[in-house]
Each structure stands twice: as structure tokens, then as C-alpha cells.
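Letter by letter, the chains look like this.
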Amino acid sequence: DKLALRVAGGHQQWGGWIDSPVERNVNSSDSDSLRVKLNAQPAENLQIDASYWMVRDTFDSNTGSNDDYFSRTVIDVPVTQDYDTYGLNVTYDFAAMRFTSATSYIDYESRAILDYAGTFNLPDAVLDTFDRAQTFTEEVNLSSNSSGAWQWSIGAIYRDNETAFRQVRRLTNGVPAFGYSAPNIWTDSSDSLAVFGEITRGFADGRFEITAGVRYFRDQYDMDQSSRQNGSNTGLFVRENTFDKVSPRVALTWHPHDDLMVYTSYSEGFRSGYSQTPVVLLSAPQLGSVRPDNLKNLELGTKGALLGGLVAFEAAVYYIKYDSIHQQLGINVGTPAQPQNVLAIVNGPAASGYGTDLAVTIKPAKGLAFGIGMSLSELTFDSSVISN
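Residues numbered from 1 in each chain as written. Predicted model: local features only at pLDDT ≥ 70, side-chain atom pairs only at ≥ 80, totals over all residues. Heavy atoms only, no water.

**Quick notes on the side chain of Thr163**
Structurally, the position occupied by Thr163 is in strand β7 (residues 150–169). Within the structure, the side chain of Thr163 is placed 3.3 Å from the side chain of Asn161, a separation counted as a polar contact. Those residues in contact with Thr163 that sit more than four places away from it in its chain are Arg132, Ala133, Trp186, Thr187 and Asp188. (Helix = DSSP H or I, 4+ residues; strand = E, 2+ residues; numbered from the N terminus. Polar contact = N/O pair within 3.5 Å; in protein donor to acceptor, adjacent residues only side chain to side chain. Contact = heavy atoms within 4.5 Å.)

**A look at the environment of Phe94**
With respect to the helices, strands and loops of the structure, Phe94 is situated in the loop between β4 (79–93) and β5 (97–115). Along the chain, Phe94 and His11 lie 83 residues apart, while their C-alpha atoms are 43 Å from each other. Residue contacts for Phe94: discarding those within four places in its chain leaves Phe99 and Asn145.

**Overview of the packing of aromatic side chains**
Going through the model one piece at a time under the given rule, you end up with nine aromatic pairs. Consider the rings of Trp53 and Tyr83, whose centres lie 5.7 Å apart with planes at 85 degrees: the pair is edge-to-face. Of this pair, Trp53 sits in strand β3 (residues 46–59) while Tyr83 sits in strand β4, and the two are 30 residues apart along the sequence. Accessibility expressed as a relative area gives 39% for Trp53, which makes it partly exposed. Site record: aromatic cluster; members linked through ring pairs are Tyr52, Tyr86 and Tyr105. In this structure, Arg201 packs its charged tip against the face of Phe203, placed 4.8 Å from the ring centre. (Phe/Tyr/Trp six-rings, centres within 6.5 Å; stacked < 30°, edge-to-face > 60°. Buried < 20%, exposed > 50% of the residue type's maximum accessible area, 1.4 Å probe, protein only. Lys NZ or Arg CZ within 6 Å of the ring centre and 35° of its normal.)

**Digging into the nonpolar core**
Ranked by size, the top nonpolar core spans nine residues in total: Val280, Ala284, Leu287, Leu329, Ile331, Val333, Val342, Ala344 and Val346. Every element with two or more residues in this core is listed here: β16 (326–332) and β17 (341–347). At three residues, β17 tops the list of elements feeding residues into this core. Ignoring any residue separated from it by four or fewer positions in sequence, one finds Val333 in contact with Ser283, Ala284, Gln286, Gln340 and Val342. Residues Tyr318, Ile320, Ile325 and Ala351 belong to the second largest nonpolar core, which totals five residues. (Core = buried A, V, L, I, M, F, W, Y, C linked by side-chain atoms within 4.5 Å.)

Below is the structure:
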């Protein structure tokens, strides 16, 4: 009972459903995967879990087509996606607290050929693309390990990500299409750190609880272009951005009895911003970086059990306010007399609305459960969204 190993591998094949002028079912694909998990408990209060996950995907074509499942592309446009994921979790129980460390690393790579000539009837527009992303994360957490009136947790997470992009037009009769004479190469990097903590105080033998928490997030996001498609290395785009946010959370909980709990909570969610890509900046260098978006959530809910645990239920209603939503829109960066549209990710209008979640589970016998759930969300934009 000190060591456990699990290994699983798989191969999947999918038939295509898109035809082209030269072939039927051009978008068939294959996927191979391998998963390995190793769990160890060298001591009673020490748990170590390691994992590895590999995926190799090969698509004979992308899935772009018209409504009749037909693509005008007459050349091979394969797509490959490979990624390797590594994980290591370590948990150590002290007398009054628990320490947890979670480490992960992912190496992702994608290659594709995009035929804009076949898709959009553009002359000689075939684009080779290459993306590679490498992300390392480390999270540490300390939490109380007792049943007293005070419960707490503190922690931090560090994330380092770098993504490299390479795009190049293929030559037609030795001539670069659309003026492309060199690859368009740039990297995105994100170096982020978050620290967080939460504390809960119980009253009346645990019948009432008050929870308050806060998270501080800081992200250094940079974009660096190292080559431009026109062959010029002057005026390469370099953008440096720093985004930070303090996000609070508070919750009130009431336990009328052991089988019923009622709560209300307020929390905020935060997503970092990022730079525009060089492809967008080439047409619209005046466009600024995408600002962070933020979500506010107010919730009221209950959880409980009836008939000695035969029936369990959950119900909640909430109101969401979502600001500065990231959206890909066509925007005019020219003048009314000479409009110039560019497709860019920008901060769109806010959205808001109510929602509800309901779930009921019936357990007629040990080891047997039937469940049904429903969610309804009425989140709508607060104003019109204009594209082009």
C-alpha cells in the first residue's frame, strides 16, 4: 500500500466528412495518447503523486468548409498537434496544518498549412504556421488541519509561459505572395504571480460561518517581434504590459441542522490582458493592448439532504456583472472617407444577467444513484456589439 502505478494508452481514428475537388473525406484524423500516473505514500503523513500525459494528433485537413461540407482547397493542408504534460503533487500533513505543492509543465506544438486561396478565393495565399507554447506553474498552499472555530488557508501560484509564433507565405513561381519575403516571427511571454488567503470563523457551534478572502494577481505580459514578413527588421513591434488586480470574496453560511446549509456569497474573477499581434499592429499600430476583464458574482444558494440521505438537492440563484469582455471584432481603423477594417481582439461592452442552478440526486440503494440537473443563464450584453 505504499506505491501505485497506472498506465493507459490509446489510439483513435476519425473518418472525414468534408470533400474537395481532388479527394473525398479529406479531414480524416488520428490521435495517439499515453497516460502514466505514479502515486507514493512513503510515510503516513506524506503523499506524492506524479503524472505524465502525451498526445499526438494528426489531421489530414482542417475542418473549414461551406454549408455543403465542401472545400475548394486542392492542395494538402495537414494539421498536427502534439503536447506533453507533466505534473507533481506533494502533500504533507503537520499536526495543525497541511502543506500542498502542485507543480506542472506543458510543452505544446502545432503545425498547419492554411490555404486562403481555396477558402477565400485569394490568389496564391498559402500560409505555413508554427506555434509552440511552454508553460510552467508552481502553487504552494498552507491550510488549517483542525476542526476549531477558525479555519484558514494561504498560498501563492507562479506561472511562466512563452509562446512562439511563425507564419510564412509560400512562394509562387519564385515570387512571394502578397509581398511576403520573410517569415513573420514573434513571441508572447507571460510572467505572473498571485498570492491569496482566506479565513473562516464559526459561531454557535458551527451553525454560522463567515468567510473572507482576497487574491492579488500581477502579470507581466510582453510581445516581441523578431522578423517581419516584408524582410525589414526596422520598426519591429515590441509591447510590454503589466496588469494587476485585487479580487475579494466574502461568504455567509448558515447550518439550520446537519442536513441543510444556506449560503450567500460575493466574489470577483479576473482575467489578464495581452498585446495585439503583429499581424493586427501592421494594419493598426495605434491599437492599444487588450485590457483585463473582470467578473462580479452575487449568489444565494442552499444544499441539503432529505429522508435520511435518500434525496440530496442543490439550488442557487446568482447575478453576474461582466465588464470589458474580450471579443474578436472587426473595427474600422481608417477614416469615414477611406475605411480600413481590421479583425482584432478588443474590450467589448459589458454584460449582465441572472441565472439559476438546480440539481437533485436520489440514492435508492448503496452504490446506486440517479441525478438530474438544470442550469439557466440569462446573461446578455448591456449594449449593442458592433463588428465592421
